[in-house]
Amino acid sequence: MSDVISLTDIRRVFTMGDQQFEALKGVSYNVAAGEFVAIMGASGSGKSTCMNILGCLDRPTSGQYLLDGLDVGTMGPNQLADIRNKKLGFVFQGFNLLARTPAVENVELPLVYAGIHAKERRHKALMAMEQVGLSGKEKNHSSQLSGGQQQRVAIARALVNNPAVILADEPTGNLDSATSEEIMSLFMALNKQGITIIMVTHEHDVAAYAGRQITFKDGKIILDSKNGLTV
Amino acid sequence: MDFLQTLKIALRALRTNKMRSFLTMLGIIIGIAAVIAMMAVGSGASYVISQQIASIGSNIILVIPGSTTSGGLRTGSGGAQTLTSDDVKAIMNECPSVGLAAGTVRTSGQVVYGNLNWSTVIMGGTPELFEIREWPVTAGRNITQQDVDSAVKVCLLGQTVADNLFGSADPVGNIVRIKKIPFTVIGVLERKGQSPQGTDQDDTLFVPLRTAQRNLSRSHHTNNVGAVIVKAKSEELLGKAEEEINSLLNQRHRITGGKEPDFSTRNLSEILAVAEKSAKAMSLLLGAVASISLIVGGIGIMNIMLVSVTERTREIGIRMAIGAKKNDILMQFMTEAVLLTMLGGLIGIALGTGGATIVSSLLGWPTMISIQSISIAFVFSAAVGIFFGFYPARKAAGLNPIDALRYE
Ligand SMILES: Nc1ncnc2c1ncn2[C@@H]1O[C@H](COP(=O)(O)OP(=O)(O)OP(=O)(O)O)[C@@H](O)[C@H]1O
Ligand SMILES: [Mg+2]
């Protein structure tokens, strides 16, 4: 199987004044296409820092990151924006939808920046909304949707451009357990369709949905297990 | 990202904060309205002056008795009676740069028709006078050289005089009495409007020069003229003509050495050109003062845009995470700023135009709004948006996506 993501000795050092803090201390792992990975670990262990690098929102201080075989480290800001737009889909803990904007327009947003025409945009957005089970809520603003529904809109937005990977940082963090289960079954369904998912979570039962669990501690991977077996 | 979408996003952002958008725009609205109104008043004033210049006739030199150079208070200019019809003839014949010259006498008196009377200015003139002043008749005929030579008792009425004595009736052929002497009305002059000094030029009655000299003048020197109006052959020859007249009259009046001349010349067009220039300068000055308010408005735009960028930091982060490039964000905020100022500009243009129209109808000020000043105002308002919107937009575009996403 080809690897969608390949991290080699990724380090991230934060500098605050004259203090330095190494949040990632040499992280290496590969993710194959179609995998569903849960990233676990204590608070402050570097999970989000790693996700930001995966999402091309941040750059590693050193180390190599290949996304779909492309070396992200050599790319300029506009190329990275393109990568985020076309190859990645983000799902955040806080949903991060645009306020006072209808759900369907939130879903359309990546297509707007991809330069796709209005008609095709609307068509694709409606399909993505159907996929996450939100048909009929197109016109609702985020204030008129439940937390679970808002997260579905966010997932539809992440899906709409057919990304190689969906990155989700604590997608169920703000949801109750019943709604969390709904979101996880949605992720499972999407994963079955072949979409690669990398998800950060604190909850073991949420992590159990994923086929592979990677555990961080103090900026390092301490455990990488697939179907209960350590890799 | 297509422009239509950018526009839509900008419009939504402005609609979200309607009151704030309007208040921000108000600075631009007031600025643009002030610029438009001031330019309208200013160019209206200079238009009126240029009209008045045209109404006097072009390339005119006025020769009046008495000195104004020094001790002018002695008799007041025009007080002495030193110019004669022979001087007029000499100016006409001996000054090569002079096209036409006309002697005039001026008095005032009551004109009576039936049981109506009207006090007005009575001018004695020759046919050249009307040619120089470019002042034709609308009814009847003009004064002829023959009228002058034989001192016929005929008169031409200015529109104001005709209106007051005859109303809507045709005055031509009727007899009016000027200082108890009967005169036949031979014609009515075209309306001329106000003089640069603000007097009604149509409140005048004209009689042949010699008739005036003989019958209406208080002076017993019946050959004297009150003033000579001279038209130079061309604008370039104005100065030369003035010199020629001066040296000719000095010679004729035997003015040598330190002796003060008993006449003086005035170049009317020059005086008015100066007035026109100052009116133009005034309108520029007014425009400049008004544009200061535009700058103040622009600073208001910048201020609100900065607030807006801070408020929407998270939105910017989301857009960046989803694939917006720096340029997309820059354009979004620039569009918002320019939209704000252009909308303000349009409202300001409407308000300024309306204001100028109200001012002109209420105060009777002449105002003129040109397409030019409207387009300048519009371009200016857009430029204010670009100039003052750039810094906040660049600040937005320069945000780091992670920091923007984390912003509370
Ligand atoms: N921009 C930054 N500047 C300085 N230090 C940072 C920055 N971002 C993260 N860190 C530090 O890096 C470490 C890892 O942070 P990170 O957000 O990756 O933790 P996490 O594993 O996601 O924790 P949580 O589960 O609470 O979300 C923390 O100690 C944090 O203080
Ligand atoms: Mg985190």
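Residues numbered from 1 in each chain as written. Chains lettered and ligands numbered in written order. Predicted model: local features only at pLDDT ≥ 70, side-chain atom pairs only at ≥ 80, totals over all residues. Heavy atoms only, no water.

Caption draft 1: The arrangement of the overall build of chain B in detail. Looking only at helices and strands, chain B has 13 helices and twelve strands in total. Rg of the C-alpha trace for chain B: 33 Å, well past the compact-globule value of 22 Å for 408 residues, more than 25% over. Considering only C-alpha atoms, chain B reaches an extent of 105 × 55 × 35 Å along its principal axes. Looking at chain B as a whole, 46% of its 408 residues qualify as buried. Put simply, of all contacts in chain B between residues at least 6 apart along the chain, 79% involve residues at least 24 apart. As presented, chain B carries roughly 19,500 Å² of accessible surface, and 61% of it is formed by carbon and sulfur atoms. Each charge sign in chain B was given a centre, from 36 positive and 30 negative side chains, and these centres are 6 Å apart. (Helix = DSSP H or I, 4+ residues; strand = E, 2+ residues; numbered from the N terminus. Rg over C-alpha atoms; globule rule 2.2 N^0.38 Å. Buried < 20%, exposed > 50% of the residue type's maximum accessible area, 1.4 Å probe, protein only. Contact = heavy atoms within 4.5 Å. Areas by Shrake-Rupley, 256 points an atom, 1.4 Å probe, with all protein chains shown as cover. Lys, Arg positive; Asp, Glu negative; His and termini not counted. Charge placed at Lys NZ, Arg CZ, Asp CG, Glu CD.)

Caption draft 2: Molecular detail of the side chain of Gln159 of chain B. Residue and element names in this part refer to chain B. Within the fold, Gln159 resides in helix α6 (residues 159–166). According to the relative accessible area criterion, Gln159 is buried, its value standing at 15%. Leave out the neighbours within four places in its chain, and Gln159 touches Thr138, Val188, Leu189, Glu190, Arg191 and Asp202.

Caption draft 3: Main features of a nonpolar patch on the surface. Judged by side-chain polarity, Ile358, Leu362, Leu363 and Trp365 of chain B come together as a nonpolar surface patch covering roughly 470 Å² of accessible area. Checked against the element boundaries, Leu363 of chain B lands in the loop between α11 (326–362) and α12 (371–397). (Patch = residues over 30% accessible without salt bridge, like charges linked within 9 Å, V, L, I, M, F, W, Y side chains within 5 Å. Salt bridge = Lys/Arg side-chain N within 4 Å of Asp/Glu carboxyl O.)

Caption draft 4: Structural context of the sheet that holds strand β5 (residues 70–71) of chain A. Residues and elements named next belong to chain A. Ordered by their spatial adjacency, four strands build an open sheet running β2-β1-β4-β5, and the pairing between neighbours is antiparallel. The open sheet is flanked by β2 (19–32) and β5, the only strands paired with a single partner. Pairing analysis gives two bridges linking strand β4 (residues 62–67) to β5, with the strands arranged antiparallel. Paired with Leu66 across the strands is Asp71, a residue of β5. Against the sheet, helix α1 (residues 47–54) makes contact with β1 (3–16), β2 and β4, and its axis sits at roughly 120 degrees relative to β1, the strand it touches most. (Pairing = 2+ DSSP bridges. Axes fitted to C-alpha atoms, helices over the stretch in contact; angles between N-to-C directions.)

Caption draft 5: Seen up close, the state of the cysteines. Following the criterion strictly, the structure yields zero disulfides over all chains and no others. Just so you know, Cys56 of chain A is unpaired, no disulfide at all, and the nearest cysteine sulfur is the one on Cys50 of chain A, 12 Å from it. (Disulfide = S-S within 2.5 Å.)

Caption draft 6: Examining the packing of aromatic side chains more closely. According to the stated counting rule, one finds six aromatic pairs over all chains in the structure shown. Measuring from ring centre to ring centre gives 5.7 Å for Phe90 of chain A and Phe92 of chain A, while their planes differ by 5 degrees; the resulting arrangement is stacked. One exposure class covers both Phe90 of chain A and Phe92 of chain A, and it is buried. Taken together through their ring pairs, the aromatic side chains of Phe130, Trp135 and Phe206 of chain B make up a single cluster. (Phe/Tyr/Trp six-rings, centres within 6.5 Å; stacked < 30°, edge-to-face > 60°.)

Caption draft 7: The arrangement of the pattern of salt bridges in detail. Under the counting rule described, the total for this entry stands at 23 salt bridges over all chains. A salt bridge links Glu35 of chain A to Lys226 of chain A; the nearest nitrogen and oxygen atoms lie 3.5 Å apart. Of this pair, Glu35 of chain A sits in the loop between β2 and β3 (36–41) while Lys226 of chain A sits in strand β10 (residues 220–226); the two residues are 191 residues apart in sequence, bridging distant segments of the chain. Overall, the relative accessible area of 35% leaves Lys226 of chain A in the partly exposed class. Put simply, Glu315 of chain B and Arg319 of chain B hold a salt bridge, and the shortest N to O gap is 2.9 Å. With a gap of four residues between them, Glu315 of chain B and Arg319 of chain B both fall in helix α10 (residues 313–322), about one helical turn apart. Side by side, Glu315 of chain B and Arg319 of chain B carry an identical accessibility label, which is buried.

Caption draft 8: How the structure looks around the domain arrangement of chain B. For chain B, the assigned domains are domain 1 (3–52 + 275–406) and domain 2 (81–261). In this structure, domain 1 of chain B and domain 2 of chain B have C-alpha centres spaced 56 Å apart. (Domains from an automatic or database assignment.)

Caption draft 9: Structural view of the site of ligand 1. Around ligand 1, 15 residues are found, and the nearest of them are Ser43, Gly44, Lys47, Ser48 and Thr49 of chain A. Neighbouring residues of ligand 1 are not confined to one chain but are distributed across chains A and B. Taking Ser48 of chain A, its side chain carries an N or O atom lying 2.7 Å from an oxygen atom of ligand 1. One nitrogen or oxygen atom from the side chain of His202 of chain A is found 2.9 Å from an oxygen atom belonging to ligand 1. Starting from 630 Å² of accessible surface for ligand 1 in isolation, the protein chains cover 70%. (Near = heavy atom within 4 Å. Polar contact = N/O pair within 3.5 Å; in protein donor to acceptor, adjacent residues only side chain to side chain.)

Caption draft 10: Just unusual backbone geometry, in detail. Not every positive phi belongs to a glycine, and Asp68 of chain A is a case in point at roughly 55 degrees. You can see Asp68 of chain A is positioned in the loop between β4 and β5. One non-glycine residue, Glu134 of chain B, lies in positive phi territory at about 50 degrees. Note on placement: Glu134 of chain B falls in the loop between α4 (127–132) and β5 (137–140).

Caption draft 11: Expanded view of the side chain of Asn191 of chain A. With respect to the helices, strands and loops of the structure, Asn191 of chain A is situated in helix α6 (residues 177–192). Among the residues examined, Asn191 of chain A registers a relative accessible area of 16% and is labelled buried.

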